[in-house]
Each structure stands twice: as C-alpha cells, then as structure tokens.
Amino acid sequence: MEGLKKQNPLGSEPVGVLMRKFAIPSIVAMVVSALYNIVDQLFIGQAVGMMGNAATNIAFPLTTSCVALALLFGTGGASCFNLAMGHGDWERAVYYIGNAAVMLFSSGLLLCLFVQIFLTPLLKGFGAPADVLPYAGAYVRITSIGFPFLILTTGGCHLIRADGSPRMSMLCNVTGAVINTALDAVFVLRMGWGMQGAAWATAIGQFVSAAIVFLCLRHYKTVPLGVRHLRIRWEYAKNIVAIGMASFFNQIAMMVVQIVMNNSLSYYGALSVYGEAVPLACAGIVIKVNQLFFSVVIGLGQASQPIISFNYGAGQYRRVRMTYRYAAVTGMFIAILAFVIFQAFPRQILLLFGSNTEEYFSFGVMFFRIYLFCAWLNFLQPMTSTFFTSIGKPVKGIFLSLTRQLLFLLPLIVILPIFLGLTGILFAGPIADALAAVASFGLAAAEFRLMRRMENTG
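Keep in mind it's a predicted model, so treat the numbers as computed, not measured. (Residues numbered from 1 in each chain as written. Predicted model: local features only at pLDDT ≥ 70, side-chain atom pairs only at ≥ 80, totals over all residues. Heavy atoms only, no water.)

A. Expanded view of the overall build of the chain. When helices and strands are counted, the chain shows 17 helices and zero strands. Its C-alpha atoms give the chain a radius of gyration of 21 Å, near enough to 23 Å, the size a compact globule of 458 residues would have. Overall size of the chain, expressed as C-alpha extent along the three principal axes, is 65 × 45 × 35 Å. Of all 458 residues assigned to the chain, the portion counted as buried reaches 61%. Long-range contacts, defined as pairs at least 24 residues apart, comprise 83% of the intrachain contacts of the chain with a sequence gap of at least 6. For the chain, the computed accessible surface area is about 17300 Å², with 70% contributed by carbon and sulfur atoms. Positive and negative charge centroids in the chain, built from 29 and 15 side chains respectively, lie 8 Å apart. (Helix = DSSP H or I, 4+ residues; strand = E, 2+ residues; numbered from the N terminus. Rg over C-alpha atoms; globule rule 2.2 N^0.38 Å. Buried < 20%, exposed > 50% of the residue type's maximum accessible area, 1.4 Å probe, protein only. Contact = heavy atoms within 4.5 Å. Areas by Shrake-Rupley, 256 points an atom, 1.4 Å probe, with all protein chains shown as cover. Lys, Arg positive; Asp, Glu negative; His and termini not counted. Charge placed at Lys NZ, Arg CZ, Asp CG, Glu CD.)

B. Structural view of a nonpolar patch on the surface. On the surface, Val 414, Ile 415, Ile 418, Phe 419, Leu 420, Phe 427, Ile 431 and Leu 435 cluster together to form a nonpolar patch covering roughly 770 Å² of accessible area. Among the elements that make up the nonpolar patch, the one with the highest residue count is helix 16 (residues 394–420) (five residues). Its location among the elements puts Leu 435 in helix 17 (residues 422–457). Since its relative accessible area comes to 40%, Leu 435 is described here as partly exposed. (Patch = residues over 30% accessible without salt bridge, like charges linked within 9 Å, V, L, I, M, F, W, Y side chains within 5 Å. Salt bridge = Lys/Arg side-chain N within 4 Å of Asp/Glu carboxyl O.)

C. Representation of helix 7 (residues 147–162). Between the first and last C-alpha of helix 7 there are 23 Å, a value that for 16 residues agrees with the 22 Å anticipated at 1.5 Å per step. The largest bend in helix 7 is about 25°, located at Gly 156. Judged by how many residues are buried, helix 7 sits mostly within the fold: 15 of 16 residues are covered. Phi for Gly 164, located one or two positions after helix 7, is positive at around 80°. (Expected span 1.5 Å × (residues − 1). Bend = angle between axes of the 7 residues up to and from the residue.)

D. Representation of the nonpolar core within the structure. Counting 149 residues, the largest nonpolar core has Phe 81, Leu 159, Leu 265, Phe 342, Phe 367 and Phe 387 as the members making the most contacts within it. Among the elements that line this core, the one with the most residues is helix 11 (residues 277–313), at 19 residues. Those residues within four positions of Phe 387 in sequence are excluded, and the remaining contacts are Ile 308, Val 320, Tyr 324, Glu 447, Phe 448 and Met 451. (Core = buried A, V, L, I, M, F, W, Y, C linked by side-chain atoms within 4.5 Å.)

E. Just a positive patch on the surface, in detail. Residues Arg 318, Arg 325, Arg 449, Arg 452 and Arg 453 make up a contiguous surface patch of positive charge. Broken down by secondary-structure element, the contributors of at least two residues to the positive patch are helix 12 (317–344) and helix 17. With three residues, the single largest contributor to the positive patch is helix 17. One can find Arg 449 in helix 17.

F. Broad picture of the layout of surface pockets. Counted as a void, the largest pocket has a volume near 370 Å³. Along the wall of the largest pocket there are 15 residues; nearest its centre are Ala 101, Phe 214, Leu 217, Arg 218 and Leu 230. For the lining of the largest pocket, the secondary structure elements donating two or more residues are helix 4 (90–117), helix 7 and helix 9 (194–218). Per-element tally for the lining of the largest pocket: the top contributor is helix 9, with six residues. Of the residues assigned to the lining of the largest pocket, the class counts are 13 nonpolar, one polar and one charged. Of the pockets and cavities examined, the second largest pocket occupies roughly 260 Å³. Forming the boundary of the second largest pocket are 15 residues, of which Val 289, Leu 292, Phe 293, Ile 341 and Phe 342 lie nearest the centre. Elements supplying a minimum of two residues to the lining of the second largest pocket: helix 2 (15–47), helix 11 and helix 12. The greatest single-element share of the lining of the second largest pocket, amounting to five residues, is contributed by helix 12. (1 Å grid on protein atoms, 1.4 Å probe; cavity = no way out; pocket = protein on both sides within 12 Å on 5 of 7 lines; lining within 4 Å. Points joined across faces, edges and corners; volume = space filled by probe spheres on them. Nonpolar A, V, L, I, M, F, W, Y, C, P; charged D, E, K, R; others polar.)

The structure is reproduced here in structure tokens:
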C-alpha cells in the first residue's frame, strides 16, 4: 500500500495543487449543469413570459430527481472506486465503475417511461395551476426523453473525475451546454417554437454530452474497463447505493420541498395581491439562480471527494483534514460573495428573465432578500455531507443531507405561512439555513477529533 501512495498523486501531491487541479473543472462542470435550466428559462422568459417561467418552475422537481439518481450512482460509484484504490484493491475498484455506469443509464430509462405515462397527474401534483399546466406539459413531454442522457452525463462525470480526468469531465458538460444555448437561440427566438423549442434544445445537448461520457468510460485510464464489469453484481451495487445515498437523499429532499413550496405558493399566492402565477414564476428564478451558487459549492465538494476518499482509505488523515479545510474556506468566500449579490442586485437579476408587472418585481426582490438572507452559511451543509460520503460514513452524510430540506425547511414552509401568509414561506429559508449550518459544523468538528485520536493511537 505504501508503494501505491507514492505512485498515486492523490496521496503525495500537495493538497492545494490537487484541489486547484480538480476544483476548477469540477466547478465549471457543475455550473454548466445548473445553467441548463437557467438558459432555458432565460429564453423562455423573453419569448413566452411569466407563464413560461412558472412552467419551468413546475417542471424543476423532475430535473432534481434526475440529479438525485445521477448522484446516487455517480458519487457512490466514484467514492467506492477511490476508496478501493486507496486500499490497493484495483480488481474490485473497476467493478464499481462498470456497475455505476449501467445503473445510471437504466434508471434514466425507467424515469423517462414513468414520466411519459403519468405526466399530467405529476405536474398537477407539483402545483401546476390550470393556466400553467399546458406550458409545463409541452416542456416536460420532450425534456423527459433526455433523462437517460442527463443522468448518465451528470453521474458519469463523477466516474471520469475519479479516473483523474477532471478536465474531460468538464468538457462533457460544457459541450452539451454550448449546444443547448445555441439551439435555444435558434429554436426559441428565431423559429418561435416556444416551450417545445427550449425542450428540444435541452434534450439534444444532453444526448451529445452523454455520447462523450460513453467514449470516456470506454477508454478508462486507471483500470481497464471490460464488458464483464458492466454486469450488475449485488456486492458492488449495494456499496454504491449505500455510499451515494446521502447525496441522493439531499436531492430527493430538495424535490419534496420544491413540490410543497410550489403548492404553498399557489395556495397562499391566490389569497394575496400577487395571485398564483407571480409567486411561482419568481420562486423559480430565485431558486435556480441560487442553484448556480450551490453548484459552485457542490463542485468544490466533489473536487475534494477523490482526494479525501483516497487518503482516508490510505490512513493519511492529516491530508483528509487539510483537503476539507481548503474546500470549506474557499466555499465560505464564495458564499459571502453570493450573499452580497443576492442582497444588492435582485431586481437586475429578475430583469434578465424578462420584463413584467411591478407586483412581480416587488415580490421577486423580497423573495431574493429574505429567502437567501443566510446564503453566506450555505457552503457548510453540502460540503460536509459530501465529506462524510467520501470517507465511507453514509449515515452521517444522509443525516446532514436531510437537515436543511426535510428536518428544517419543510416543516417551516408548512407552519410559518399559517401565521404569516405568503411571506412565511420566505422566512423559512434563512432559518433552515442557519440550523443546518450549526448541525454541519458540530458533526465535522467531532469527526476531526476522532481522526486525531486515530492518528495518535495508530
């Protein structure tokens, strides 16, 4: 194992050098992935208007479900691979890559079939008012065709990054996003296809990205990936799922919160001066813009994953702590910058998605400033959850992934509007963010104390 530490740069190169090597491509890949939906909404907002923006918000839980499956098998497979490589067990490591790839694409096919069959009841359950439903249905009917490719791309990029190819991982996402943006301009603005044009642009971009991922997996560098490694075996699949469950639950929790929030916004919006559509449209923009910030933080966490997994498996705990601190400090500065932008320029951000009524801008500005008031703390929870997944402790990772969304935010979204009306939904955000940050800090500090004891007794 000592020889492996010297051969593998994850165990020998300076942590700062490794983080810069992995972080930039990882962040770019995550930002580009987040831009898929934002680019659609930018073009839809300009061409279709508020109803189109509301429709993309209604459809967003399905995108979140795709990301959930991608992280379940992608981060699970990548973490298991790096942990096995850290132990020097490369013969088992390669099976994690093959099994993860097959589960990624298969889950996308199943989700696509499910959505095509139950599309209308799903969208109604997501909170679609009658006037928004046709726009959402036209959009999702087409984008669901791309679900297998979206899931393979998002999850496959983790497998490629685990192979020590972060730039290629970035290329997979960037290529599809560039194609999506170019086709949006053609289909939506020039040809006037509206929601359907944006949907086809998204699906085509995802197909191209998935094709590049497939080629990368066929030419895996660290270990030779053969056909026999693609056969699903329970001993590998269960470990992948166990390790990836934290990230999966985090996304599922986000999806549940999105659905409950959409229904609450529709209900309490109808009782306010804003009506149903304005809160839905504004919430969609605020949440997706915030998702851009989250994608940077998640990219940092994902960049640290192979470094943390390998060194934890190799017993180099000091390098594990150094990697986490490097990622956390960088994430803190990014979070503070995001907070300043959200507080200072909310109206300017809303204008990017089209002009509208004064009520629309009034509610949107209020949503930005209140709901994202604790954005400066939002680097801790996703980064710490990924940290526990990386060291093979999925239970703690799952707990943290549930804190903000299910344990704190969901009850607050239900309870606060009873007393505060529509604004109660907005105040739920910062309260949940603060509570999740406290829980993350406490668990991380306890884990670092345990690592120091392991070093002293080792």
